Amino acid sequence: MNAVPADRHRPWSFAAGPALLPEEVLQTVSRAVLDWQDTGRSVLELPFSSRECRRILAEAESELRLLAGIPHCYRVLFLQGGAYGHFGLLAMNLISGERSADYAVTGHWGQRAFAEAGRRHRVRVAADGAADDFRAIPPQSEWRLDSGAAYCHITTAETAEGLQYHWTPDTADVALVADMTADFLTRPIDVHRYGLIYASAQKNLGVAGLTVVIVREDLLDRCDDTVPAVFNYARQARADSRVNTPPLFAVYVALQMFQWLRRHGGLPAALTRCRQRSALLYEAIDTSRDFYRTPVAVNDRSLVNVRFHLPDQEKERRFLAAAERQGLTDLAGHPAVGGIRASLYNAMPLAGARALAAFMEAFAKGGDTRAGRCAPTT
Ligand SMILES: *Cc1c(COP(=O)(O)O)cnc(C)c1O
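Remember, it's a predicted structure, so these values are computed and weren't measured experimentally.

(A) Fine view of the nonpolar core. Among the nonpolar cores identified, the biggest contains 89 residues, and Leu 64, Tyr 151, Phe 184, Leu 185 and Tyr 233 are the most heavily contacted of them. The element best represented in this core is helix H6 (residues 248-263), accounting for 11 residues. Here this core spans two domains, since at least three of its residues come from each of domain 1 (26-263) and domain 2 (265-373). Look past the residues within four positions of Leu 64 in its chain and what remains in contact with it is Gly 69, Ile 70, Val 76, Phe 184, Leu 185, Val 212 and Phe 258. Core analysis: the second largest hydrophobic core is formed by 28 residues, Tyr 292, Val 306, Met 348 and Phe 359 among them.

(B) Region of the structure containing the site of the ligand. The environment of the ligand is made up of 14 residues, and the closest members are Thr 159, Asp 179, Ser 200, Gln 202 and Lys 203. Here an oxygen atom of the ligand and a backbone polar atom of Tyr 84 are 2.9 Å apart. With respect to the ligand, the side chain of Thr 159 contributes an N or O atom lying 2.4 Å from an oxygen atom. Compared with its free state, where it exposes 390 Å², the ligand has 86% of that area covered by protein. A total of four residues in the shell around the ligand trace back to one element, the largest contributor, which is helix H3 (residues 82-94). Among the residues forming the shell around the ligand, the class breakdown is six nonpolar, six polar and two charged.

(C) A look at the packing of aromatic side chains. Using the criterion set out here, one finds 17 aromatic pairs in the structure. Measuring from ring centre to ring centre gives 5.6 Å for Tyr 103 and Phe 114, while their planes differ by 70°; the resulting arrangement is edge-to-face. Of this pair, Tyr 103 sits in strand E3 (residues 100-105) while Phe 114 sits in helix H4 (residues 108-117), and the two are 11 residues apart along the sequence. Measuring from ring centre to ring centre gives 5.8 Å for Trp 143 and Trp 167, while their planes differ by 55°; the resulting arrangement is tilted. A residue pair is termed long-range when its members are at least 10 positions apart, and Trp 143 in the loop between strand E4 (122-128) and strand E5 (152-155) and Trp 167 in the loop between strand E7 (163-164) and strand E8 (176-179) qualify at 24 residues.

(D) Quick peek at the environment of Arg 122. Examined against the element boundaries, Arg 122 turns out to sit in strand E4. As a C-alpha pair, Arg 122 and Ile 95 span 27 residues in sequence and 8.7 Å in three-dimensional space. Filtering out sequence-adjacent residues up to four positions away, Arg 122 remains in contact with Ile 95, Glu 98, Arg 99, Ser 100 and Ala 101.

(E) View of the side chain of Arg 307. Here Arg 307 shows up in strand E11 (residues 305-308). No salt bridge is formed by the buried Arg 307. Its closest oppositely charged neighbour is Glu 161, at 6.0 Å. Polar side-chain contacts of Arg 307 include one of 3.4 Å to the side chain of His 309. Beyond its immediate sequence surroundings of up to four residues, Arg 307 is in contact with Phe 134, Ala 160, Glu 161, Gly 162, Thr 294, Pro 295, Val 296, Val 337, Ile 340 and Arg 341.

(F) Representation of unusual backbone geometry. Across the junction of Gly 17 and Pro 18, the peptide omega takes the value -15°, indicating a cis bond. The topology assignment puts Pro 18 in the loop between strand E1 (12-13) and helix H1 (23-34).

(G) Fine view of the sheet that holds E5. The strand order across the open sheet formed by seven strands is E2-E10-E9-E8-E5-E3-E4, and the pairing between neighbours is mixed. In this open sheet, the two edge strands, each paired with only one partner strand, are strand E2 (74-79) and E4. In this sheet, neighbouring strand axes are inclined to one another by 20° on average, regardless of whether the strands run parallel or antiparallel. Together, E2 and strand E10 (211-216) form the strand contacts of helix H2 (residues 51-68), whose direction differs from that of E2 by roughly 130°. Relative to the sheet, H4 contacts E3, E4, E5 and E8, its axis offset from that of E3 by approximately 165°.

(H) Main features of the state of the cysteines. Tallied over the full model, the rule gives zero disulfides. Between Cys 152, a free cysteine, and Cys 223, which holds the nearest cysteine sulfur, the sulfur-to-sulfur gap is 19 Å. With a relative accessible area of 0%, Cys 152 lands in the buried category.

(I) Representation of the pattern of salt bridges within the structure. If you walk through the whole model with that rule in mind, you get 12 salt bridges. Across the pair Arg 263 and Glu 24 runs a salt bridge, and its minimum N-O distance is 3.1 Å. With Arg 263 in helix H6 and Glu 24 in helix H1, this pair connects stretches of sequence that are 239 residues apart. The exposure class of Glu 24 is partly exposed, given its relative accessible area of 27%. In this structure, Arg 135 engages Asp 132 in a salt bridge whose closest nitrogen and oxygen atoms are separated by 3.0 Å.

(J) The domain arrangement of the chain, seen in detail. According to the domain assignment, the chain consists of domain 1 (26-263) and domain 2 (265-373). The distance between the C-alpha centroids of domain 1 and domain 2 comes to 28 Å. Across the contact, 29 residues belong to domain 1 and 27 residues belong to domain 2. Both sides together, the interface formed by domain 1 and domain 2 hides about 2,200 Å², and carbon and sulfur atoms give 57% of it. Of all residues in domain 1, the largest losses of buried area upon contact with domain 2 belong to Arg 135, Ala 160 and Thr 186, amounting jointly to 20% of the total for that side.

Calculation rules
Residues numbered from 1 in each chain as written. Predicted model: local features only at pLDDT ≥ 70, side-chain atom pairs only at ≥ 80, totals over all residues. Heavy atoms only, no water. Core = buried A, V, L, I, M, F, W, Y, C linked by side-chain atoms within 4.5 Å. Buried < 20%, exposed > 50% of the residue type's maximum accessible area, 1.4 Å probe, protein only. Helix = DSSP H or I, 4+ residues; strand = E, 2+ residues; numbered from the N terminus. Domains from an automatic or database assignment. Contact = heavy atoms within 4.5 Å. Near = heavy atom within 4 Å. Polar contact = N/O pair within 3.5 Å; in protein donor to acceptor, adjacent residues only side chain to side chain. Areas by Shrake-Rupley, 256 points an atom, 1.4 Å probe, with all protein chains shown as cover. Nonpolar A, V, L, I, M, F, W, Y, C, P; charged D, E, K, R; others polar. Phe/Tyr/Trp six-rings, centres within 6.5 Å; stacked < 30°, edge-to-face > 60°. Lys, Arg positive; Asp, Glu negative; His and termini not counted. Salt bridge = Lys/Arg side-chain N within 4 Å of Asp/Glu carboxyl O. Pairing = 2+ DSSP bridges. Axes fitted to C-alpha atoms, helices over the stretch in contact; angles between N-to-C directions. Disulfide = S-S within 2.5 Å. Buried area = accessible area lost by both parts, 1.4 Å probe.

Okay, structure coming up:
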């Protein structure tokens, strides 16, 4: 019932982002570009002061609240800047004076978040996966938390390394801040466990240009006037994300994604689909007798970014080229870690993962990889 239709006749893109969008959403969005709700206007042309603009923002917020179960004491902001932009911006908003913030550094993006915040503020590493080459998320028993920290930052899924938290850290009275860009809306979220959640849209909820920030109201008291207005969370909250021109098209696409997710069973069903897709690939890895290997600790394997390696780089190059010829694209690993990476975000149908798993099995056997053909050629 909650299966996502595999109605595509285009390549399956396993890109880390921007990612696939569901056919249904692309259809609705294309219509809205030409004629928004039979008004003869394009959604791209709605003035930012218009009632329509305010309505799209309000509807996107209420749909997201429903989908993710966001409590009343949290504000939802639709901002620009990308997650990378907010690495530094969230520190400016949440750290006052000489206070410092804690970071659990678990991979490429956690490192970037730490470095950006550290440009202007005191930050410290509370947990460090680097010593173990980011093969696992350090267990909470090894974290050294500062009870006076402004917040503790985590990256719920490390896109490059293929790690994902399958538990929520307990930071007591210190606000937990999470970059959820890779796995936002791919599973139910205990929003009340977090002080602030943020995510770029182009992986699981639409197109680039939008960053969703969900922030507990009391934390907004910390944003002082030295933070530029457009990126001042408190000011944006007071202005309903309209301090300046909002990225309305990206919000409109996100709204379609929120509604699409609800039509397909909400976040519990999204999680089931994540498990099904990733299980196919992990099974192909685990049954390949070491032809495919992943360094990621079994308990920390990501359901959204499956990373693996072949016996040597020459085989990896041939794997990528052969996959591409079969319409399985954008599988090269992040440059920081190399190898292969299959990103399986919200809009990837099970059929896409099935096609890749079949290809992997055929390629490992050295047989005719065309047996795993999945996308019609032109
Ligand atoms: C992609 C990604 C980012 C960067 O997002 P931008 O929109 O390019 O700024 C940050 N964090 C994580 C976990 C990501 O996957």
